[in-house]
There are 2 protein chains.
Amino acid sequence: MHFACLPEAKIGIMTLPEEESKHCVRVLRMEVGTAFKITNGSGKIFDAVMQEAHPKKAVVALSNPEKGYDFWSFKLCIAIAPTKNNDRLEWFLEKATEIGIDEIFLFHSFHSERRQVKPERLQKVLVAALKQSLKSRLPKIHDLQSFNQFVKQDFQGRKFIAWIDGGVTDLLANTYKKGENCLVLIGPEGDFSPEEVALAQINGFETVSLGQARLRTETAALVACHSLQLINQMK
Amino acid sequence: MHFACLPEAKIGIMTLPEEESKHCVRVLRMEVGTAFKITNGSGKIFDAVMQEAHPKKAVVALSNPEKGYDFWSFKLCIAIAPTKNNDRLEWFLEKATEIGIDEIFLFHSFHSERRQVKPERLQKVLVAALKQSLKSRLPKIHDLQSFNQFVKQDFQGRKFIAWIDGGVTDLLANTYKKGENCLVLIGPEGDFSPEEVALAQINGFETVSLGQARLRTETAALVACHSLQLINQMK
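Bear in mind that the values here come from a model prediction, so they are computed numbers and not experimental data.

The rules behind the values
Residues numbered from 1 in each chain as written. Chains lettered and ligands numbered in written order. Predicted model: local features only at pLDDT ≥ 70, side-chain atom pairs only at ≥ 80, totals over all residues. Heavy atoms only, no water. Domains from an automatic or database assignment. Contact = heavy atoms within 4.5 Å. Buried area = accessible area lost by both parts, 1.4 Å probe. Salt bridge = Lys/Arg side-chain N within 4 Å of Asp/Glu carboxyl O. Polar contact = N/O pair within 3.5 Å; in protein donor to acceptor, adjacent residues only side chain to side chain. Helix = DSSP H or I, 4+ residues; strand = E, 2+ residues; numbered from the N terminus. Nonpolar A, V, L, I, M, F, W, Y, C, P; charged D, E, K, R; others polar. Buried < 20%, exposed > 50% of the residue type's maximum accessible area, 1.4 Å probe, protein only. Pairing = 2+ DSSP bridges. Axes fitted to C-alpha atoms, helices over the stretch in contact; angles between N-to-C directions. Parallel < 35°, antiparallel > 145°, perpendicular 65-115°, else oblique.

A. Summary view of the domain arrangement of chain A. Residues and elements named next belong to chain A. Split into domains, chain A comes out as domain 1 (3-67) and domain 2 (76-233). Taking only C-alpha atoms, the centre of domain 1 and the centre of domain 2 are 32 Å apart. Taken together, the 13 residues of domain 1 in the interface contact nine residues of domain 2. For the pair domain 1 and domain 2, the summed buried surface comes to about 720 Å²; carbon and sulfur atoms form 63% of the total. Of all residues in domain 1, the largest losses of buried area upon contact with domain 2 belong to Phe-3, Cys-5 and Gly-41, amounting jointly to 54% of the total for that side. Linking domain 1 to domain 2 there are two salt bridges. Taken together, the connections running from domain 1 to domain 2 amount to seven residue pairs in polar contact (both at pLDDT 80 or more). Looking at the side of domain 1 that touches domain 2, the elements with two or more residues in it are β1 (3-5), α1 (18-27) and β4 (44-52). Residue classes in the side of domain 1 that touches domain 2 are distributed as four nonpolar, six polar and three charged.

Okay, here's the thing in structure tokens:
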């Protein structure tokens, strides 16, 4: 079953924006009468039927909104320093969307090699992964900000910072308790500086380990995301 | 600390093969006297010092072999149907090596879209990930074979098949017990056929779910790998 995304989706006849029209008509070769699904990215999935297969402004009929399957009883947020190689950050966004994540924060810190991202490009990766994994809730990605600014923000839930160089051995999965809202900070290729870890601790972050393995930044972020989802699914 | 891989490593003076020489001398710009590490890919890590920084046949002095940190008390094997897009399989191999895996089996099945792989290319991905994550044990990757042939092989441990379409709800992480040797089968983009699942069951495979999320083939394989490593690290 094909999936499209239309944030303003509601019951009735609607016109798809140009990019989504092109994807449905040119790439997926939908014709008049093709049935598919449309998510609004905010938890609802509609039945859709193609009415006018126009490659720039396709017209569709939407009905029967249902709640998506991708709801969980806690909030899962990851803050990550963008990787030097942009593909690796995009890979994390795709995989985290598949596995399930609520919010992504981006920050640059002392050892960051990348201090700029293209928000539109990252948004596209999230939407593509949302559609591919038939989810109804688009993860929210926040604008890049400095680490020092970021760690001072309020967050209702457990706050962790994954630190490699500090000899931390408390495993995230052993410290985190099922059902808790959670935010995990993942540092850049050169790790956090000791001053940054101290600042995070002053602001309520607990240092944790993601295990013995030495992981790349994007792998560490995904391991954190999957650990939290897994613990919440386990008996 | 830089890392090189030399399967025949032993204490004394040795010459690196051409590719590894080029990497050390041209890419990493090692000079005479540069200290680094060499793994034999079988659990040992040596101290190395560059003696002749030749870009095709570098000469190094090896000493002080130590056991790597990447040993665990169970066997973790994943069998995966190569993905249509080769990059996705390679991505899985890189990430699984970082997280920790013992053996990878490749099979083609009824819904497989790819029936050929380049073993040398896959081996290179494993070696690069081994060096990057400072591991001492190179995962073993087996030649591509047919699903029907593969499922009849002996395996000492729990055998699972991750099945999406069968309505299976037993989570791998709830079924698997810490310390058990384990083999998990991950199907191609079009999933396993019911006949294939039946054949696997006759051969002792238990059907399991990897959770509610709809995952791509390579994501499912990584989720299985990480679930098993995590359970074995948790209290």
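B. Structural detail: the pairing of strand β11 (residues 182-186) of chain A. All names here are of chain A. Taken across its five residues, β11 has five buried, putting it largely inside the fold. Burial of the side chains of β11 extends over both faces: Cys-182, Val-184 and Ile-186 are buried on one face and Leu-183 and Leu-185 on the other. Of the strand pairs in this sheet, strand β6 (residues 76-80) and β11 are connected by five bridges, and their pairing is parallel. Its bridge partner lying in β11, Ile-78 is registered against Val-184.

C. Fine view of the packing of helix α7 (residues 217-233) of chain A against helix α7 (residues 217-233) of chain B. Packing of α7 of chain A against α7 of chain B leaves a shortest axis separation of 10 Å and a crossing angle of 70 degrees. Here α7 of chain B runs roughly perpendicular to α7 of chain A, going by the angle between their axes. Between α7 of chain A and α7 of chain B, the contacting residues are Leu-222, Val-223, His-226, Ser-227 and Leu-230 of chain A on the first element and Leu-222, Val-223, His-226, Ser-227 and Leu-230 of chain B on the second. Its residues placed into classes, the contact of α7 of chain A with α7 of chain B shows six nonpolar, four polar and no charged.

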